[in-house]
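As a plain string of letters, each chain reads:
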2 protein chains.
Amino acid sequence: MSHKLQHEIKKKRPFDSQQEEALLNLLRTNELFQNQFIRLFRKYGLTASQYNVLRILRGEGKPLPSLEIADRMIHVVPAITGLIDRLEKARFVKRRRCEEDRRVVYVEITDEAISVLKQIDRPVKQLREKLLGHLTRSELRELIRLLEKARTPLLADPEF
Amino acid sequence: MSHKLQHEIKKKRPFDSQQEEALLNLLRTNELFQNQFIRLFRKYGLTASQYNVLRILRGEGKPLPSLEIADRMIHVVPAITGLIDRLEKARFVKRRRCEEDRRVVYVEITDEAISVLKQIDRPVKQLREKLLGHLTRSELRELIRLLEKARTPLLADPEF
DNA sequence: TATCAATACTTGTCATGTCAAGTATTTTTC
DNA sequence: GAAAAATACTTGACATGACAAGTATTGATA
């Protein structure tokens, strides 16, 4: 079976341009990969977003304000409030009002969450290996370079 | 300003592996790009999913069963039902029961939708140029190749 | 120092995705 | 030819994103 995107999505005509083909390949690859991770996280009662929040909190090693979490995810602030709500209900994080600035809410990861993350670490690493293990080091390096280059104008230009 | 992902998301430590770095770059690039398209489509009263459905219907040139549309999108069937509901409410598509097999519902694009798509065609092309215009032809070719290669095991192995 | 702007969230509404169940309509099978 | 299985959706419950608007608190300014 061919893995060409044109066949994959039953596109009748060839792509209008290389740019369209690249964008659709990016979209499709991301979706397929994300689905794999979503299934993995689900086994542990987590969604991808929840996993990301917990990873950020664990990586930081100390409680973080909601805004800080929102900054590091792609997401808008309101989405974070809901995410934290559900994580708190599941006892994966706790909220704590900051005393110096009472507008700020600190989010703290619980030991329970740390323990779940620890269980997930190996499977995540294995999944990454499964998804990208067949690319050589230099191919990975080139892929990273091209993706970074692709983002450059978006990051440089605040207009965007 | 550096466009390195590590700085972008304020990651304290370097990546565990090249594979992780590649996956996060894929995720981030896709999100940034998708956001651009979402904003564009919104100007015309469409979401990205709705735009995709309409593109599929226009590309096909004739009505398609819901299942067929679901197949070509990544999505599960229930999501399509809701999508079609809203597109129908917005008068962008019509539903028609198949006479031979009354379980099947054909979805047909309206002239109104065709006209909106026509308006969007040029801005979409311009956005693609804006996002990827700074990559050379050979860089685009290489990016496409690497993304296709990345997906290969997922497509070949039904286990996945 | 009184007010106005900025900051950090929270809430509400809507679109989309997921899964589990349910309905209607063939198709298969015994 | 009737019951069972398959097919094509639809519906309902819930998580997640997006945007707009609201609240509480703090900072800046006149």
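Here the structure is shown first, and the text comes after it.
Student: Please provide a residue-by-residue account of the overall build of chain A, values included.
Tutor: Check the secondary structure of chain A and you find seven helices and three strands. Starting at the N terminus and walking to the C terminus, you meet the elements of chain A as α-α-α-β-α-α-β-β-α-α. Residues classed as buried in chain A amount to 44% of the 160 residues present. Of the contacts made within chain A by residues no fewer than 6 positions apart, 45% connect residues no fewer than 24 positions apart. Only carbon and sulfur atoms are counted for the fraction: they give 51% of the accessible area of chain A, which is about 8900 Å².

Student: Can you tell me about the relation of the copies chain A and chain B, naming the residues and giving the values?
Tutor: Superposing chain A onto chain B takes a rotation of 180° plus a shift of 0.1 Å along the axis, which leaves an RMSD of 0.1 Å. With respect to symmetry, the two chain copies, as superposed, fit the operation of a two-fold axis. When the interface residues of chain A are mapped onto chain B, 97% of them again lie at the interface, so the same face is used by both copies.

Student: So what's going on with the protein's contact with DNA strand D? Residues and values would help.
Tutor: Looking at DNA strand D, there are 23 residues lining it, with Thr47, Ser49, Arg86 and Arg103 of chain A together with Val105 of chain B nearest. Note that a base oxygen of DNA strand D is positioned 3.2 Å from one of the side-chain N or O atoms of Arg103 of chain B. When residues of the surface near DNA strand D are traced back to their parent elements, those giving at least two are helix 3 (48-60) and helix 5 (77-89) of chain A together with helix 4 (66-72) and helix 5 (77-89) of chain B.

Student: Which residues make up the pairing of strand 3 (residues 105-109) of chain A, and what are the values?
Tutor: Residue and element names in this part refer to chain A. Every second residue of strand 3 is oriented toward a common face, the buried set being Val105, Val107 and Ile109 and the non-buried set Tyr106 and Glu108. As judged from the two bridges shared by strand 1 (residues 64-65) and strand 3, these two strands associate in the antiparallel manner. By the bridge assignment, Pro65 is partnered in strand 3 with Tyr106. Across five bridges, strand 2 (residues 93-97) lies against strand 3 in antiparallel orientation. Bridged to Arg95 within strand 3 is Val107.

Student: Provide a residue-level description of the protein's contact with DNA strand C, including the pertinent values.
Tutor: Surveying the vicinity of DNA strand C reveals 24 residues, the closest of which are Leu67 and Val105 of chain A together with Thr47, Ser49 and Arg86 of chain B. For DNA strand C, the fraction of atoms within 4 Å of the protein that belong to sugar or phosphate moieties is 76%. In this structure, Ser66 of chain A approaches DNA strand C through a side-chain N or O atom, which is 3.4 Å from a sugar or linking oxygen. Taken together, the elements giving at least two residues each to the surface near DNA strand C come down to helix 4 (66-72) and helix 5 of chain A together with helix 3 (48-60) and helix 5 of chain B. The element best represented in the surface near DNA strand C is helix 5 of chain B, accounting for four residues. Residue composition of the surface near DNA strand C, grouped by class: ten nonpolar, six polar and eight charged.

Student: So what about the packing of helix 2 (residues 18-43) of chain A against helix 2 (residues 18-43) of chain B? Which residues, and what values?
Tutor: Interhelical geometry of helix 2 of chain A versus helix 2 of chain B gives an angle of 125° and a closest axis separation of 10 Å. As judged from the angle between their axes, helix 2 of chain A and helix 2 of chain B are oblique. In this structure, helix 2 of chain A meets helix 2 of chain B at a crossing whose hand is left-handed. Contact residues: helix 2 of chain A offers Leu23, Leu26, Leu27, Thr29, Asn30, Phe33, Gln34 and Phe37 of chain A, while helix 2 of chain B offers Leu23, Leu26, Leu27, Thr29, Asn30, Phe33, Gln34 and Phe37 of chain B. Here the residues of the contact of helix 2 of chain A with helix 2 of chain B sort into ten nonpolar, six polar and no charged.

Student: A description of the environment of Gly45 of chain B should follow, citing residues and the corresponding values.
Tutor: Residue and element names in this part refer to chain B. When you line up the elements, Gly45 lands in the loop between helix 2 and helix 3. With 93 residues separating them in the primary sequence, Gly45 and Ser138 have C-alpha atoms 36 Å apart. Setting aside residues no more than four positions away along its own chain, Gly45 makes contact with Gln50 and Phe92.

What counts and what doesn't
Residues numbered from 1 in each chain as written. Chains lettered and ligands numbered in written order. Predicted model: local features only at pLDDT ≥ 70, side-chain atom pairs only at ≥ 80, totals over all residues. Heavy atoms only, no water. Helix = DSSP H or I, 4+ residues; strand = E, 2+ residues; numbered from the N terminus. Buried < 20%, exposed > 50% of the residue type's maximum accessible area, 1.4 Å probe, protein only. Contact = heavy atoms within 4.5 Å. Areas by Shrake-Rupley, 256 points an atom, 1.4 Å probe, with all protein chains shown as cover. Least-squares fit on C-alpha atoms with pLDDT ≥ 70 in both. Near = heavy atom within 4 Å. Polar contact = N/O pair within 3.5 Å; in protein donor to acceptor, adjacent residues only side chain to side chain. Pairing = 2+ DSSP bridges. Nonpolar A, V, L, I, M, F, W, Y, C, P; charged D, E, K, R; others polar. Axes fitted to C-alpha atoms, helices over the stretch in contact; angles between N-to-C directions. Parallel < 35°, antiparallel > 145°, perpendicular 65-115°, else oblique. Left-handed = near helix turned anticlockwise from the far one by under 90°.

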